[in-house]
Amino acid sequence: MNLAAISYEVRRTGVWTRLADYVELAKPRIAVLVLVCVAVAALSAGLPAGLTLFSTLLGTALVATSASAFNQWIERHSDALMPRTADRPLPSGRLSAGEVFSLGTATAIVGVIYLGLAVNWLAALLGFVTWFLYVCVYTPMKTRSVANTLVGAVAGAVPVLIGWAAAVGSNRWDFSGSGAKALTLFAIVFMWQFPHFMAIAWIYRAQYAAANMKMLPAVEGSGRRAGIQAVVWSALLIPLSLLPAVSASAGFYVTAMLLLGAGYLASSIAFCQRRDDQTARRLLLTSLMYLPAVLGLYMWAI
């Protein structure tokens, strides 16, 4: 038996496991979606692909990592009460609270300063606003008020403005031209989140209730208000998503956006009517297909 080889294998496995836990803290799937929104906003505002775009994405990724780490640090006790989150690095004990706090602090400071020095200070300010809303307002509100979803949707959409700020610089605050495009994209990302959140909250409503999380379906029980919100916001998305068609050169954009919007609305209506796990999962899946498709069409149209 080669004890040295076994010892090396254990150490190597431990290193990779620990690295995987740090990656999990960043919530990579959410982070990738955030970075795509930032990139689309920056490119649509005229920022060419290059070093500044890379710096914008890197700085935003650091800030997003910090926000996710602090979110899990704050919620480590409630996460332990929910099967869907009990195996996260903190509640499972694979990482300590001190480690996560240190990582969150370091990535927040480095991320904001890097955005300021490598991009501009308007982008850095918006990065800090995103972090503050997510960590200091949204996360604590989840155990206090159903309005947490509204704050979370704002925090989720602000990164769009980081991309816009990277393109226009700190000294251009007008919202004509590229600013109007950024505000439209901000509104699309903001509204998209409500049906998406309501579907997730319905599916895990019992777990949220057990952890004292004030998500609307966990609080009201019937899911009626959650269903109505999903329908209203997905309906508002349809005319909003057509605004870039003013500058689009083909009817393909309008047709595709109408089909996407109709599909999102239909899934929301089905959830509102039936309010069961099947329609909630269908709405969640539809939401995950809707936003990437809209972002791609948005880039094509402008």
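These numbers come from a predicted model, not from an experiment. (Residues numbered from 1 in each chain as written. Predicted model: local features only at pLDDT ≥ 70, side-chain atom pairs only at ≥ 80, totals over all residues. Heavy atoms only, no water.)

**Thoughts on the packing of helix H2 (residues 28-44) against helix H7 (residues 148-168)**
Inference 1: Their axes nearest at 7 Å, the elements H2 and H7 cross at an angle of 35°. Of the two elements, H2 crosses H7, and the hand of that crossing is right-handed. Taken together, the residues of H7 that come into contact with H2 (itself represented by Val34, Cys37, Val38, Ala41 and Ala42) are Pro159, Val160, Gly163, Trp164 and Ala167. (Axes fitted to C-alpha atoms, helices over the stretch in contact; angles between N-to-C directions. Helix = DSSP H or I, 4+ residues; strand = E, 2+ residues; numbered from the N terminus. Left-handed = near helix turned anticlockwise from the far one by under 90°. Contact = heavy atoms within 4.5 Å.)

**Here's the deal with a nonpolar patch on the surface**
Inference 1: A contiguous nonpolar surface patch, about 450 Å² in accessible area, is contributed by Ile109, Ile113, Leu117 and Trp121.
Inference 2: Counting residues per element, the nonpolar patch draws most heavily on helix H5 (residues 97-118), which supplies three residues.
Inference 3: One can find Ile113 in helix H5.
Inference 4: Looking at Ile113, the relative accessible area reads 41%, which means it is partly exposed. (Patch = residues over 30% accessible without salt bridge, like charges linked within 9 Å, V, L, I, M, F, W, Y side chains within 5 Å. Areas by Shrake-Rupley, 256 points an atom, 1.4 Å probe, with all protein chains shown as cover. Salt bridge = Lys/Arg side-chain N within 4 Å of Asp/Glu carboxyl O. Buried < 20%, exposed > 50% of the residue type's maximum accessible area, 1.4 Å probe, protein only.)

**Some thoughts on the layout of surface pockets**
Inference 1: Space inside the largest pocket adds up to approximately 1500 Å³.
Inference 2: A breakdown of the residues in the lining of the largest pocket according to their chemical character gives 29 nonpolar, 11 polar and nine charged. (1 Å grid on protein atoms, 1.4 Å probe; cavity = no way out; pocket = protein on both sides within 12 Å on 5 of 7 lines; lining within 4 Å. Points joined across faces, edges and corners; volume = space filled by probe spheres on them. Nonpolar A, V, L, I, M, F, W, Y, C, P; charged D, E, K, R; others polar.)

**Focus on the packing of helix H3 (residues 51-74) against H5**
Inference 1: Running from N to C, H3 and H5 point in directions that differ by 155°, and their axes come no closer than 8 Å. With respect to each other, H3 and H5 are oriented roughly antiparallel. Like other packed secondary-structure pairs, H3 and H5 cross with a definite hand, here left-handed.
Inference 2: Looking at the contact of H3 with H5, its residues break down into 15 nonpolar, 10 polar and no charged. (Parallel < 35°, antiparallel > 145°, perpendicular 65-115°, else oblique.)

**Side note on unusual backbone geometry**
Inference 1: Phi at Asn212 is positive, roughly 60°, even though this residue is not glycine.
Inference 2: As for its placement among the helices and strands, Asn212 is situated in the loop between helix H9 (205-210) and helix H10 (216-220).
Inference 3: Residue classification places Asn212 among the partly exposed positions, given a relative accessible area of 42%.
Inference 4: Even without glycine at this site, Arg275 takes up a positive phi of about 50°.
Inference 5: Residue position: Arg275 is located in the loop between helix H12 (252-274) and helix H13 (277-301).
Inference 6: Judged by its relative accessible area of 26%, Arg275 is partly exposed.

**Let's talk about the packing of aromatic side chains**
Inference 1: Counted according to the given criterion, the structure contains 14 aromatic pairs.
Inference 2: Here Phe252 and Trp300 contribute two aromatic rings whose centre-to-centre distance is 5.6 Å and whose plane-to-plane angle is 85°, an arrangement assigned as edge-to-face. Here Trp300 lies in helix H13 and Phe252 lies in helix H12, a separation of 48 residues in the sequence.
Inference 3: Residue Phe252 is classed as exposed on the basis of its relative accessible area, which comes to 51%.
Inference 4: Residue class for Trp300 comes out partly exposed when judged on its relative accessible area of 45%.
Inference 5: Through a chain of ring-to-ring contacts, three or more aromatic side chains come together here, namely Phe70, Trp73, Phe101, Phe128, Trp131 and Phe132.
Inference 6: Here the guanidinium or amino end of Arg76 rests over the ring plane of Trp73, the centre of that ring lying 4.9 Å away.
Inference 7: The ring of Trp202 has Arg205 lying over it, and the distance from NZ or CZ to the ring centre is 3.8 Å. (Phe/Tyr/Trp six-rings, centres within 6.5 Å; stacked < 30°, edge-to-face > 60°. Lys NZ or Arg CZ within 6 Å of the ring centre and 35° of its normal.)

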